[in-house]
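# Architecture and fold: a report
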Amino acid sequence: MKELSRIAQAIEPSATMAIDTLFKQMKADGIDVIGFGAGEPDFATPDHIKTAGKAAIDNNDTRYTPSSGTVELRKSVCQRLKADFGLEYTPKQVCVSNGAKPCVYVALRAILNPGDEVVLPAPYWVSYSELIRMCGGVPVIVDTREADHFKLTAQELADAITPNTKAMILNNPSNPTGMMYSRRELEELARVCQEKDIYVVSDEIYCNLVYDGEEFVSFASISADAKERTLLVNGVSKSYAMTGWRIGYVAANPEISEVIGNYLSHCTGSPCAISQKAAVEALTASQDSVENMRLAFERRRNYMVEHMNKIPNISCIKPHGAFYVMMNIEKLIGKELHGEVIRNADDFGNLFLKYGKVAVVPGTSFNAPNFVRWSYATSIENIKEGLSRLERFLNGEVI
Ligand code: PMP
Ligand code: GLU
């Protein structure tokens, strides 16, 4: 048989999806395991949104739609972007696809030529590096530090840019760190992007999950120039607990959105018609359910951060957004636990699952080998039990 695609074969499987699959399999096998792996809201999709989905089926909204999404949904996206961030986009500038993940892919597809570099601040969400590679691009990974709240500085961005740099990826608030950039920090990054003339793929999927009264600033709202060079990715998965409905979108300047629309017309056909109706309801109806979920996440974060920091030899800083905590395991590296030496976060994750019966995502896949990501998109009871297991596991107990 002839050789398979080299690009496709070089792609690593998604570590977050793999942990989630393993966790679900263990549960199905009757093992008492607790999952802090996949970043997915544990809430049900709000009733009014589910009703809109059911009505779509009953009303026979079950056919192909325009490949970049219905005009109704694209208008709803524009209204949300205007109401939330003061951003003016026309429906033609919005392309809807099957979740934010394919939107990041198609955004990169629209701008990258083979060999183009994309600056990727680490720790980063596992899919970015692979999506860049899938588009023939080269991820240029720039490590950030916990002491800087895992945020890339304008200087670090400038230093990473070469004549081959086409874009940077900005994920704000960040998965996996939960950190959020201030307006000032974004202005500084935007200045470098303008000076060096690079695009910004700004993934703002966690924009509504922001705590402590902090202000979320959409990168495109920084200036007219920033808006022109931004490919704004967002969707309904996280804000409305709609991960399985698969609706995301990308908003960009008209030239880019036309390229994206043409691409989607061949590779995905159209997003699910039923889910699009539900997404219109999510975006246009009262946003009260978003606020209720946000408040629950904030309580869970407070609990997790406070109690995690009481456990010896591990620590975490307090994130301001998303639903992740990065646990620092530096002090455990090189130490022996349950008869095995912990060399990195992978070792820790495997042992913790085996002996502690808790699933977390090792930071190795985020380019953060001394960290482990916990998602707090789960109940306080689970968080309590998970942290109690952590303490017992660290004391050598087997659960
Ligand atoms: N971007 C980030 C940062 C994410 O964490 C996720 C969640 N998997 C996505 C995009 C993809 O979202 P969706 O489920 O809408 O594809
Ligand atoms: N965004 C989630 C996570 O990081 C879901 C899994 C995925 O798509 O990677 O866990």
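Residues numbered from 1 in each chain as written. Chains lettered and ligands numbered in written order. Predicted model: local features only at pLDDT ≥ 70, side-chain atom pairs only at ≥ 80, totals over all residues. Heavy atoms only, no water.

### Structural notes on the environment of A56
This is how the line gets drawn: Numbered from the N terminus, helices here are DSSP runs of H or I no shorter than four residues, and strands are runs of E no shorter than two. A contact between two residues is defined here by any heavy atoms of the two lying within 4.5 Å.
Here A56 is to be found in helix α3 (residues 47-58). Sequence spacing of A56 and A278 is 222 residues, and the spatial spacing of their C-alpha atoms is 7.8 Å. Residues in contact with A56, not counting those within four places in the same chain, are D61, T62, I274 and K277.

### Thoughts on the sheet that holds strand β15 (residues 371-375)
Defined as follows: Pairing between strands is defined by DSSP: at least two bridges between the two strands are required.
Strand order in the open sheet made by the four strands is β9-β10-β15-β14, with antiparallel pairing throughout. A strand with exactly one partner marks an edge of an open sheet, and here the two such strands are β9 (315-316) and β14 (361-362). Pairing analysis gives two bridges linking β9 to strand β10 (residues 324-328), with the strands arranged antiparallel. What sits directly across from S315, in β10, is N328.

### A short note on the packing of helix α5 (residues 100-111) against helix α6 (residues 126-134)
Rules: Axis geometry follows a simple rule: fit a line to the C-alpha atoms, using only the stretch in contact for helices, then measure angles between N-to-C directions, giving values from 0 to 180 degrees. Angle categories: roughly parallel below 35 degrees, roughly antiparallel above 145, roughly perpendicular from 65 to 115, and oblique for all the rest. Each crossing gets its handedness from the near helix: less than a right angle anticlockwise from the far helix is left-handed, clockwise is right-handed.
Between α5 and α6, whose axes approach to 9 Å, the crossing angle comes to 40 degrees. When the axes of α5 and α6 are compared, the pair comes out oblique. α5 and α6 meet at a crossing whose hand is right-handed. In this structure, α5 uses K101, V104, Y105, L108 and R109 to contact α6, whose residues at the interface are S127, Y128, L131, I132 and M134.

### Considerations on the packing of aromatic side chains
As a reminder of what qualifies: Only rings of Phe, Tyr and Trp enter the pairing, Trp through its six-membered ring, and a pair is recorded when the two centres are within 6.5 Å. The plane angle decides the type: under 30 degrees is stacked, over 60 is edge-to-face, the rest tilted. Residue exposure (1.4 Å probe, protein chains only): buried if accessible area is under 20% of the type maximum, exposed if over 50%, otherwise partly exposed. Look at NZ for Lys and CZ for Arg. If either is within 6 Å of the ring centre and within 35 degrees of the ring normal, a charge sits over the ring.
Counting across every chain of the model gives 14 aromatic pairs. With a centroid separation of 5.3 Å and an interplanar angle of 85 degrees, the aromatic rings of Y206 and F323 are classed as edge-to-face. A residue pair is termed long-range when its members are at least 10 positions apart, and Y206 in the loop between β6 (199-203) and α9 (224-229) and F323 in the loop between β9 and β10 qualify at 117 residues. Just as Y206 is buried, F323 falls in that class too. Chaining the aromatic ring pairs together yields one cluster made of F36, F348, F352, W374 and F393. Positioned above the aromatic ring of Y181, the side-chain terminus of K151 is 5.9 Å from the ring centre. Lying over the aromatic face of Y89, K227 brings its terminal NZ or CZ to 4.5 Å of the ring centre.

### A few points about the site of ligand 2
Let me state the cut-off plainly: Only a single heavy atom is needed: when it lies within 4 Å of a molecule or strand, its residue is near that molecule or strand. A 3.5 Å cut-off defines polar contacts: any pair of N or O atoms within that distance qualifies, except that in protein one atom must be a possible hydrogen donor and the other a possible acceptor, and neighbouring residues in sequence count only when both atoms are side-chain atoms. All accessible areas in this document rest on Shrake-Rupley with a 1.4 Å probe, and a residue is counted as covered only by the protein chains that are shown. Amino acids are sorted into nonpolar (Ala, Val, Leu, Ile, Met, Phe, Trp, Tyr, Cys and Pro), charged (Asp, Glu, Lys and Arg) and polar (every other residue, Gly among them).
In the region of ligand 2, the neighbouring residues are T16, M17, A38, G39, K101, W125, N175, Y206, K238, Y324 and R373. Residue G39 places a main-chain N or O atom 2.7 Å away from an oxygen atom belonging to ligand 2. One of the side-chain nitrogen or oxygen atoms of K101 is found 3.0 Å away from an oxygen atom of ligand 2. In isolation ligand 2 has 280 Å² of accessible area, and contact with the protein removes 89% of it. Of the residues in the shell around ligand 2, the class split is five nonpolar, three polar and three charged.

### Quick notes on the site of ligand 1
Near ligand 1 there are 13 residues, and of these D203, Y206, S237, K238 and R246 occur at the shortest range. Contacts to ligand 1 include N175, whose side-chain N or O atom sits 2.7 Å from an oxygen atom. A distance of 2.6 Å is found between an oxygen atom of ligand 1 and a side-chain nitrogen or oxygen belonging to S237. Coverage of ligand 1 by the protein amounts to 92% of the 400 Å² it exposes when considered alone.

### Things to note about helix α10 (residues 254-267)
Rules: Helix span, as expected, comes to 1.5 Å for every residue beyond the first. What the arc measures is the spread of directions leading from the helix axis to the C-beta atoms.
Its 14 residues give α10 an end-to-end C-alpha distance of 20 Å, which sits within 8% of 20 Å, the value for a rise of 1.5 Å per residue. Listing the buried residues of α10 in full gives I256, S257, I260, G261 and L264. The buried residues of α10 occupy an angular sector of 135 degrees when the element is viewed end-on, so they sit on one face. Facing away from the buried surface of α10 by more than 90 degrees, the exposed residues are E255, E258 and H266. The residue sitting at the N-terminus of α10 and contributing the capping side-chain oxygen is N253; that oxygen lies 3.1 Å from the backbone nitrogen of E255. Taken from the residues just after α10, G269 is the one with a positive phi, measuring 75 degrees.

### Some details on the packing of helix α4 (residues 71-85) against helix α11 (residues 273-284)
The relative placement of two packed helices is expressed as an angle between their axes plus a distance between the axes. Taken N-terminus to C-terminus, the directions of α4 and α11 make an angle of 25 degrees; their axes are 9 Å apart at the nearest point. As summarised for this structure, α4 and α11 are arranged roughly parallel, according to the angle between their axes. Here the hand of the crossing between α4 and α11 comes out left-handed. Residues E72, L73, S76, V77, Q79 and R80 of α4 touch α11, and the partners they reach there are Q276, K277, A279, V280, L283 and T284. Here the residues of the contact of α4 with α11 are counted per class, giving five nonpolar, four polar and three charged.

### Considering the pattern of salt bridges
Counted only if it meets this: Put simply, a salt bridge is a Lys or Arg side-chain nitrogen that is within 4 Å of an Asp or Glu carboxyl oxygen.
Inspection of the entire model under this criterion finds 27 salt bridges. One salt bridge in this structure joins R145 and E156, with 2.6 Å as the shortest N-O distance. Taken together, the residues R145 in the loop between β4 (138-143) and α7 (154-160) and E156 in helix α7 connect sequence positions eleven residues apart. The class for E156 is buried, based on a relative accessible area of 16%. Across the salt bridge formed by E298 and R301, the nearest N and O atoms sit 3.9 Å from each other.

### What about the pairing of β4?
The side chains of a regular strand alternate between both faces of the sheet. How we decide: Whether a crossover is right-handed depends on one test, that the path from the first strand over the helix to the second runs clockwise when the strands point away from the viewer.
Here strand β3 (residues 117-122) runs beside β4; their pairing, made up of six bridges, is parallel. Its bridge partner being in β4, E117 is matched across the sheet by V138. In the classification by handedness, the crossover that spans β3, the intervening α6 and the parallel β4 is right-handed.

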